[in-house]
Structure formats: structure tokens, C-alpha cells
Amino acid sequence: MRNGLLNSLVAAAVSAVLIVAASPAFGQEPPAGGPPGRGAAGRGGRGGRGPALPPPGPVPRAADGHPNMSGYWNAGNNGGAVFEVQKHPIARPGFGAGNGAIVDPPDGMIPYQPWAAEKAKDNFEHHLADEPELHCYMSGLPNQMYRQFGFQILQPAGYVAMNWEFMHSYRIIPTDNRPHALPASTKLFQGDSVGHWEDDTLVVDTTNLNDRTWLDSAGNVHTDQMHVVERFTMVNDRTINYEATMEDPKAFTKPWKIAFPLNRNMQPNYEQMEFACIEGNQDTEHYLESAGGKVKGK
Amino acid sequence: MRDRLAGLLLAAVVALAPIPAKAQAYTAPRTVDGQPDLQGIWQVRSSPDKDLEKAKGLIVEPKNGKIPYQPAALAQKKQNEKNSASADPLNKCYMPGVPRLNLLAYPLQIFQTADEVAIAYEYIHNWRNVYLKRNKHLEAIDFWQGDSIGHWEGDTLVVDVADLNDQTWFDKAGDFHSDALHVTERYTRTGPDTLRYEATIEDPKTFTMPWKISVDLHRSTQPNARLLEYECHYLADLAAAKKATK
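The present account deals with the structure reproduced in this document. (Residues numbered from 1 in each chain as written. Chains lettered and ligands numbered in written order. Predicted model: local features only at pLDDT ≥ 70, side-chain atom pairs only at ≥ 80, totals over all residues. Heavy atoms only, no water.)

1. Here's the deal with the interface of chain B and chain A
Part 1 of the reasoning: Across the contact, 39 residues belong to chain B and 39 residues belong to chain A.
Part 2 of the reasoning: Together chain B and chain A conceal approximately 3,300 Å² of surface at their shared face, both sides included; 61% is due to carbon and sulfur atoms.
Part 3 of the reasoning: Looking only at chain B, the three residues that lose the most surface to chain A are His125(B), Trp127(B) and Glu229(B), adding up to 20% of its buried area.
Part 4 of the reasoning: On inspection of chain B and its partner chain A, the count reaches 2 salt bridges.
Part 5 of the reasoning: The shortest N-O distance in the salt bridge between Arg226(B) and Asp192(A) comes to 2.6 Å.
Part 6 of the reasoning: Run the count over chain B and chain A and you get 19 residue pairs in polar contact (both at pLDDT 80 or more).
Part 7 of the reasoning: Mapped by element, the contributors of at least two residues to the side of chain B that touches chain A are strand 3 (108-112), strand 4 (116-121), strand 5 (127-131) and helix 5 (232-245) of chain B.
Part 8 of the reasoning: Here the element with the most residues in the side of chain B that touches chain A is strand 4 of chain B; it accounts for 4 residues.
Part 9 of the reasoning: The class makeup of the residues in the side of chain B that touches chain A is 19 nonpolar, 11 polar and 9 charged. (Contact = heavy atoms within 4.5 Å. Buried area = accessible area lost by both parts, 1.4 Å probe. Salt bridge = Lys/Arg side-chain N within 4 Å of Asp/Glu carboxyl O. Polar contact = N/O pair within 3.5 Å; in protein donor to acceptor, adjacent residues only side chain to side chain. Helix = DSSP H or I, 4+ residues; strand = E, 2+ residues; numbered from the N terminus. Nonpolar A, V, L, I, M, F, W, Y, C, P; charged D, E, K, R; others polar.)

Below you can see the structure in the form of C-alpha cells.
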């Protein structure tokens, strides 16, 4: 049963046991042709176990001729973006070193305005128990795209819908060329996404994001002025190249961009399980009071 | 407008009819896979969540409109009702279970592919997958939302829901069940903007016989309609923080 207990284990995996996650085994590419499996990174993670697969096939097509991305996927980010999306070359307690996922600017760092850099530092040093996911809030963008446990894409006519095992978060992306129709004052955890196809690339434009989500577990921030443009380019039957560009005139000095592949979960008959989150949630109880949690300091 | 009115009249007739009226007058459009198309954003017009037994015409079997509790279970239900404010799982923002999820005052959106039907809920971003290509339930495991496998009977999507846990209620009035709960749902388009939802509820540990509800879900016909977010636990956190700073 995916319940509070498992969730606590997840919290442990995400926090206390980060050293394991940041070890070389986690960061390695799976063997060539090896499937994402249920390996050390968790269910739906990338274990690299299982029989060798045939080489990738052509991009499958939906009835409307667009690439058919239906199926189960895992974020193929090897830089530990879920822990910190920007480059984090020096290991810190609970957070191993990693390259994150930023490809622009070339230094791999979020181009923060000074106040936002300070806020992120303060989050990391004093408020890790305020991580929105520990309170079962949906992850927002782009964080949602590199959260653990993988996700499913459904592609009925006129929509691309994504649902994650983790906290049953979902995104619904209409692809019928509709405009953003919400008033600017309506703010959502997952924002308002509209998509359209440019050749074989699904381009998704997201506005109306709230400022309650973090960019990662390390406390990196944005404001409710963030605008995200994502590009999903399917290159073969098991790989989607994913890119996202973030703009936020209140938090960043310029736009920045992340990129990583989404890898198909090749396990036959795979299904996601139910992930109860708030039901019995004890996540913040694993954190020291000094980090906003409930564990008494030493 | 005329369709709308006709739909309303039909809904009214259906709600009053003790036996579900034949819906064959309407043939649902087809998806690209040839299935009856149930897709759209749907919601009950008036949520019966306060008390299923008091929602007029909702319980169609048994005929008296009462949930057929075993004696001990009835005592428990009354106790639950008394403690509803603190004991209702929904007041802790827990997953509502089936069929309660479909009866709340929040919209849901149905998606269909050849292999499955998925239902996204505005209420705490719940999500259900109804598997059309699997014919056996998972074993030795239970879920808040159960394990849903579906098949088509004519134009009706029939969903068999098992593996439900005993942690959810049916409504605010303390109506409850055990982990032996088994729900059979039927989704039938009855008009361009109406979706009949029926659920037969069995639980030999709690009820003396199966009972059944029937209600119409109505389509959101607004252009560019979309689900928003009702993040119950986030709102609860906000309220608690506000209280703490007072």
C-alpha cells in the first residue's frame, strides 16, 4: 500500500539518504539499450536491469500524424536536478554534488537577482522542511518534470495529459490551439499550460504559476511571474528530448534553460500504483527543528 | 438551448424513475478508437455529499432509498455521523474513495485511449486509471481509490472497482464501509451534455444487500473550460499559519 509509511520512506530517500542517491551508481547512464527498471533509484527508476532490448525504433504516430508519446516515462536527468536544478559541485550535508540540468547559461547556474539568491540560500540553510513536496503540494514547473517515480503520458485527441505516480500530480495540456484563458490573478501550482505542435515537437507554454513551489529540494525559488516554455521532441520510440526555458522578470536577470531526455519505461505491462501523500504524512517529522521540522535539535 | 432544456427534462425524468430509463434514444459520438466518447469536463449539478440518503432520488435500490446496513454497522454509522466534523476523512483532506470522488462539488475530466480511461479530478488533483486491457484485480493490496478495470457494454463503460481500503466514507453523514467493499460503476452518455453515473455498492461485512445510486453528471460547455485546482491540504496549511500568527 502506498501510504504514509512509504511516503516517509520516500522522504527518507529524498532527504536523509541523499548520499546514496548522489553516489555514482545513481548518476550513471544505464547500459546501452538497458531499460529503465525498478533499480536502486526506486520503483520506476533506472536500474538498468533486464534483458537487452532491440535498438530504438522509429517515432510512433498518433491517428492525427503527430508523434505518439503515450506510455510511461522517466526523467533521464543524471545531474540530480530533483535535488538541485543548478550546478552543485560541492557536496553538502544531505546533498551530494551534481551538475543539475541547466544548459544555458553555460555556467549551469540560475541567473538570480540578488534577493532571490539570498532567499534560496536561506531556504537551504534554514527551511528544508518547508519543501512544498513534504507538504504534498504539487511540484509546479519545471520541477515536476524531474520528480522521481516516473510518469505516464496519455494522448487522446486534442490533449496531452501527464500523470505522476508521485503524489498523483498531473498536468493537462490542451493541444487545440486554445489561448491562455485564465485571468492573470488566478495562480495554480501547475499553472495553465497550452500546447501546439511544431513539426514533431510539442511546444507547451505555461503561465499562471503560483510562487508556492520550489525549483528543487534545495530551496531554489521563482515568483508568480515565471513563464515556462517547454519543448518535447520525440526522437525515437523510447526517447523524448525535453527542454524548458524559464523567464521570471522578478527573480531572474535573464531566461535560463534546462535539457535532459525522457526515457521510456520499457517494462512490459507496467502500471503506476497509488501514492497517498497527505494520508498519514509525517515527512516534516524527519527534519530538525533548525530546518523547520519536528525533530529536536541535538 | 433546446438541447439543454431537453437534457434538463430528461435528467429530471431519469432522477424520478425508480428503474433507470432506457438511454438508447441518444447515441454517443465515437472516439478515434471507435469507443463511445465520454470525454469532457463533468460535474454533478447538486452534490449529494452531505447525506446520500437525503439526496432525492439518488439511492435507487433498495426502493426505500435507505442504505441497507447490518445492525452493528448502523450503530457505527450513527456514531460516525455524530463525530463527522473530526472523523470525516475528507476533513483531513484524504482521498475520497469511490464513488464519493464522483459526487463532490468539483469537476472531473475524462480522457480515453484504446487501452484505458483516465479520470482527472479537480479535488486535490486526484487521478484514476481505468484499465480496459486487464481483466484481473491486483491481489493482496488495497488502495484509497481501489483498483479499477473496465469494459464496454454497448455504449456503457462498466468499471469494476475492488481493492478498496476501509478508510473512506461515502458522505459527510458518516456512511461507511469495510475493506470488503466492491463497487460496480456504469457511465452512460444520455445526451450531448449529460453522463449518467450509476454505482452498485456491495459489502457483505457492512450491508445486508447491494445498494445502488444513480445521478447525472453535467458537461461544462464553457469554451476553453479547464480543471482548476482545489488543494485542500494547502488551504488547511494556510489557515493554520494564519491562526498561528494571530
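2. Side note on the packing of aromatic side chains
In this description, a pair of aromatic rings is defined by centroid distance and the angle of the planes.
Part 1 of the reasoning: Applying the stated criterion across every chain, the model contains 27 aromatic pairs over all chains.
Part 2 of the reasoning: Here the aromatic rings of Tyr170(A) and Trp127(B) are separated by 5.4 Å at their centres, their planes lie at 50°, and the arrangement is tilted. Of this pair, Tyr170(A) sits in strand 5 (residues 170-174) while Trp127(B) sits in strand 5, which puts the two residues in different chains.
Part 3 of the reasoning: On the basis of relative accessible area, Tyr170(A) is assigned to the buried category, the value being 8%.
Part 4 of the reasoning: The class for Trp127(B) is buried, based on a relative accessible area of 9%.
Part 5 of the reasoning: A centroid spacing of 5.4 Å and a plane angle of 75° characterise the contact between Tyr94(B) and Trp144(B), whose relative ring orientation is edge-to-face. Separated by 50 residues along the polypeptide, Tyr94(B) in the loop between helix 3 (84-87) and helix 4 (100-103) and Trp144(B) in the loop between strand 5 and strand 6 (147-153) bring together distant segments of the chain. Pair check on accessibility: Tyr94(B) and Trp144(B) agree, each one buried.
Part 6 of the reasoning: Three or more aromatic residues joined by ring pairs form one cluster here, namely Tyr69(B), Phe170(B), Phe176(B), Phe207(B) and Trp211(B).
Part 7 of the reasoning: The side chain of Arg92(A) reaches across the aromatic face of Phe124(A), ending 4.0 Å from its centre. (Phe/Tyr/Trp six-rings, centres within 6.5 Å; stacked < 30°, edge-to-face > 60°. Buried < 20%, exposed > 50% of the residue type's maximum accessible area, 1.4 Å probe, protein only. Lys NZ or Arg CZ within 6 Å of the ring centre and 35° of its normal.)

3. Section: the environment of Asn143(A)
Residues and elements named next belong to chain A.
Part 1 of the reasoning: Topologically, Asn143 is positioned in the loop between helix 4 (114-126) and strand 3 (151-154).
Part 2 of the reasoning: For the pair Asn143 and Glu84, spaced 59 residues apart in sequence, the C-alpha to C-alpha distance is 9.7 Å.
Part 3 of the reasoning: Among residues more than four places away in sequence, those in contact with Asn143 are Glu133, Trp214, Leu215 and Asp216.
Part 4 of the reasoning: Of note is the side chain of Asn143, whose polar atom sits 3.3 Å from the side chain of Glu133.
Part 5 of the reasoning: Within the structure, Asn143 has its side chain in polar contact with the backbone oxygen of Trp214 (distance 2.9 Å).

4. Some details on the pairing of strand 6 of chain B
For a regular strand, side-chain orientation follows a simple rule: the groups alternate between the two sheet faces.
All names here are of chain B.
Part 1 of the reasoning: Here 2 bridges tie strand 5 to strand 6, and the two strands are oriented parallel to one another. Counted as the bridge partner of Tyr131 is Ile149 from strand 6.
Part 2 of the reasoning: Pairing between strand 6 and strand 7 (residues 156-162): 7 bridges, direction antiparallel. The residue bridging Gly150 from the neighbouring strand is Val159, located in strand 7. (Pairing = 2+ DSSP bridges.)

5. Some thoughts on the state of the cysteines
Part 1 of the reasoning: Tallied over the full model, the rule gives 2 disulfides over all chains.
Part 2 of the reasoning: Each sulfur of the disulfide joining Cys136(A) and Cys277(A) lies 2.1 Å from the other. Measuring handedness by torsion sign, the sulfur bridge of Cys136(A) and Cys277(A) sits at about -85° and is left-handed. With Cys136(A) in the loop between helix 4 and strand 3 and Cys277(A) in the segment after strand 10 (256-264), this pair connects stretches of sequence that are 141 residues apart. Cys277(A) shares its class with Cys136(A); the two are buried.
Part 3 of the reasoning: Each sulfur in the disulfide pair Cys93(B) and Cys232(B) lies 2.1 Å from the other. Disulfide Cys93(B)-Cys232(B): the torsion about the S-S bond is -70°, which places it as left-handed. With Cys93(B) in the loop between helix 3 and helix 4 and Cys232(B) in helix 5, the pair connects residues that are 139 residues apart, well separated along the chain. Of the two residues, Cys93(B) and Cys232(B), both sit in the buried class. (Disulfide = S-S within 2.5 Å.)

6. Regarding helix 2 (residues 71-82) of chain B
Residues and elements named next belong to chain B.
Part 1 of the reasoning: Taking 1.5 Å per residue as the helical rise, helix 2 with its 12 residues ought to reach 16 Å, and the 17 Å between its terminal C-alpha atoms agrees with that figure.
Part 2 of the reasoning: If you check which residues of helix 2 are buried, you get Ala73, Lys77 and Asn80. Seen from one end, helix 2 has its buried residues packed into an arc of 60°, which puts them on one side. Seen from the buried face of helix 2, the exposed residues on the opposite side, beyond 90 degrees, are Pro71, Ala72, Lys78 and Lys82.
Part 3 of the reasoning: Buried residues belonging to helix 2 abut helix 3. (Expected span 1.5 Å × (residues − 1). Arc of directions from axis to C-beta.)

7. Quick word on unusual backbone geometry
Residues and elements named next belong to chain B.
Part 1 of the reasoning: A cis geometry characterises the amide bond from Glu61 onward to Pro62, with omega recorded as 0°.
Part 2 of the reasoning: Position of Pro62 among the secondary structure elements: in the loop between strand 2 (59-61) and helix 2.
Part 3 of the reasoning: With a phi close to 40°, His125 is a non-glycine residue in the positive phi region.
Part 4 of the reasoning: Counting through the fold element by element, His125 comes out in the loop between strand 4 and strand 5.
Part 5 of the reasoning: Judged by its relative accessible area of 2%, His125 falls in the buried class.

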